[in-house]
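# A structural walkthrough
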Amino acid sequence: MMENNIAVGIIGMGSCLPEKIVTNRDLEKTVNTSDEWIVERTGIKERRIADDATATSDIATIAATRALKDAGIPASEIDLIIVATATPDMMFPSTSCIIQKNIQAVNAAAFDLAAGCSGFVYGLVTGSQFIQSGLYKKVLVIGAETLSKILDWQDRNTCVLFGDGAGAALLGQVPAGCGLLGAHLGADGSGGDLLKLPGGGSRLPASTATVNERKHFVHMSGNEVFKFAIKIMGEAALKALEAAGLGSQDVDYLIPHQANLRIIHSAAKRLKIPLDKVMINVDKYGNTSAASIPIALEEAVDHGIIKNGDNVVLVGFGAGLTWAACVIKWCKGEKLIG
Ligand code: UT7
């Protein structure tokens, strides 16, 4: 159990998905792939893709505005904005600062967090610490990506997998016993080469050569990442449950990172959680990286699948390599006593 006097939970949620749908059949026309292959190997049927004029901060701003509306809290009350993204608008300023300006969160500090697809859970755990310590009262955590902008649309190994989207959660104090009950974060930098965007940083600054060599796109050893994911998803979730003083039998609902249906099934099996207690929307949105967990969580809450009092486990893995899991006692909307 997390030892603290201030219980921290999600008090508002919002998401944003671009309108444009790209189906597997659409992709068949541009790369050597097939709907059958994509569905069988990943479970993905379609994904949302942002238009040329839309950047990560644009969809993140909409998600953030919706989360604030859901919580009934003005932007001026936000103390901190954390944005988990692998697709910032630019190297700097941070995407969180751009969103801070857009929503006029004039009293908020802001920073971005890079933990790949695990980023939202990393952000949730990080943001909670600021409230538990008493430093801040309201923290906005956003997972937002426009992966479509950094995909090599000629590379069938990667371009069929990802989609764009944003999800936001406003954190605040919740009644005792509710909110974040336990968490586990991890990293293994030795696997960094398995999933990376090599160009454009200080190691390999942008040049004509880096553009010609396609270094500004996602490079991934898919099968190696797959094997890592199969191992780590169950392990991470169990460690978070242990930190909460719970076991997998106590889980009411599992929100896994939506990367691949086979990975989700394997995690559920390892945790002995039946599939009717597992959120799956990878078929509709593909892998939206740091946005996938908040989008899936909001969808489950909106559909009434997650109810107050439920123990909800969020678990993800991603570039770094990283992994992150947490257990939340869902109490959104319950009035804070005292
Ligand atoms: O959020 C973290 C981000 N990363 C991930 O989540 C990725 C995790 N990995 C995966 O989801 C799976 O590894 C993939 C879906 C990427 C690939 O599935 P796999 O079962 O690991 O296949 P594979 O990489 O072993 O490739 C099998 C074959 C290869 O052909 P050969 O060499 O056996 O002839 C690939 O070239 O499938 C081929 N292939 C494709 N064929 C049709 C790869 N991509 C495609 C494609 N369409 N889009």
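It should be noted that the structure appears before, not after, this text.
One structure accompanies this document, and this report is about it.

Take the sheet that holds strand S11 (residues 253-256) next. Strand order across the open sheet formed by four strands is S8-S13-S12-S11, with mixed pairing between neighbours. Strands at the two margins of the open sheet, each flanked by one partner only, are strand S8 (179-187) and S11. Taking each pair of neighbouring strands and ignoring which way they run, the sheet shows an average axis angle of 10 degrees. Bridge count for S11 against strand S12 (residues 311-318) is four bridges, and the pairing is parallel. In the sheet register, Pro256 faces S12, and the bridge partner there is Val315. Together, S8, S11, S12 and strand S13 (322-329) form the strand contacts of helix H8 (residues 222-243), whose direction differs from that of S12 by roughly 145 degrees.

With that out of the way, let us pick up the site of the ligand. Close to the ligand lie 22 residues, the nearest being Thr33, Asn223, His257, Asn260 and Asn287. For the ligand, a nitrogen atom lies 2.7 Å from a polar atom in the side chain of Thr33. One of the side-chain nitrogen or oxygen atoms of Asn223 is found 2.7 Å away from an oxygen atom of the ligand. Contact with the protein chains removes 75% of the 950 Å² of surface that the ligand exposes when unbound. When residues of the shell around the ligand are traced back to their parent elements, those giving at least two are helix H2 (35-42), helix H6 (156-159) and H8.

With that out of the way, let us pick up helix H5 (residues 119-132). With 14 residues, H5 should cover 20 Å at 1.5 Å per step; its first-to-last C-alpha distance of 20 Å lies within 8% of that length. Among the 14 residues in H5, eleven count as buried, and that is most of the element. Within H5 the residues assigned to the buried category are Gly119, Phe120, Val121, Tyr122, Gly123, Leu124, Val125, Gly127, Ser128, Ile131 and Gln132.

Assignment of secondary structure puts Glu298 in helix H11 (residues 292-302). Buried charge Glu298 goes without a salt bridge, the closest partner of opposite sign being Arg66 at 7.0 Å. When neighbours within four sequence positions are excluded, Glu298 is seen to be in contact with Met13, Gly14 and Ser15.

This part is about the packing of aromatic side chains. A full pass over the atoms with the stated rule returns three aromatic pairs. Look at Phe130 and Tyr136: their rings are 5.4 Å apart centre to centre, the planes differ by 25 degrees, and that puts the pair in the stacked class. Accessibility expressed as a relative area gives 24% for Phe130, which makes it partly exposed. Ring pairs connect the aromatic residues Phe228, Phe317 and Trp323, which therefore count as one cluster.

Let's shift gears to the pattern of salt bridges. Counted under the stated rule, the structure contains nine salt bridges. Residues Arg25 and Glu36 are paired through a salt bridge, measuring 3.4 Å at the closest nitrogen-oxygen approach. Placement of the pair is Arg25 in helix H1 (residues 24-28) and Glu36 in helix H2, with a sequence separation of eleven residues. Note that Asp193 and Lys196 form a salt bridge whose closest N and O atoms lie 3.0 Å from each other.

Procedures and definitions
- Counting of residues starts from 1 at the beginning of each chain's written sequence and follows it residue by residue.
- With the structure being a predicted model, the display of local features is reserved for residues of pLDDT at least 70 and the display and counting of side-chain atom pairs for 80 or more, all residues being used for whole-chain, interface and lining totals.
- Heavy atoms from the whole structure form the basis of all side-chain values; hydrogens and water molecules are not counted.
- The rule for pairing is simple: two strands pair if DSSP sees at least two bridges between them.
- In DSSP terms, a helix is any run of H or I states spanning at least four residues, a strand is any run of E spanning at least two, and both are numbered starting from the N terminus.
- Axis definition: a line fitted to C-alpha atoms, limited for helices to the stretch in contact. Angles are taken between N-to-C directions and run from 0 to 180 degrees.
- Throughout, a residue-residue contact means that at least one pair of heavy atoms, one from each residue, lies within 4.5 Å.
- Near residues are defined by distance, with any heavy atom within 4 Å of the molecule or strand qualifying the residue.
- A 3.5 Å cut-off defines polar contacts: any pair of N or O atoms within that distance qualifies, except that in protein one atom must be a possible hydrogen donor and the other a possible acceptor, and neighbouring residues in sequence count only when both atoms are side-chain atoms.
- All accessibility values rest on the Shrake-Rupley procedure with a 1.4 Å probe; residue burial counts only the protein chains present in the view.
- Expected span, for any helix, means 1.5 Å times one less than how many residues it has.
- Per-residue accessibility, obtained with a 1.4 Å probe over protein chains only, is compared with the maximum for each type, and a residue is labelled buried under 20%, exposed over 50%, and partly exposed between these values.
- We treat Lys and Arg as the positive residues and Asp and Glu as the negative residues; His and chain ends play no part in the count.
- Any carboxyl oxygen of Asp or Glu that lies within 4 Å of a side-chain nitrogen of Lys or Arg is treated as forming a salt bridge with it.
- Here a Phe, Tyr or Trp ring, Trp counted by its six-membered ring, pairs with any other such ring whose centre lies within 6.5 Å, and the pair is stacked when the planes are under 30 degrees apart, edge-to-face when over 60, and tilted otherwise.

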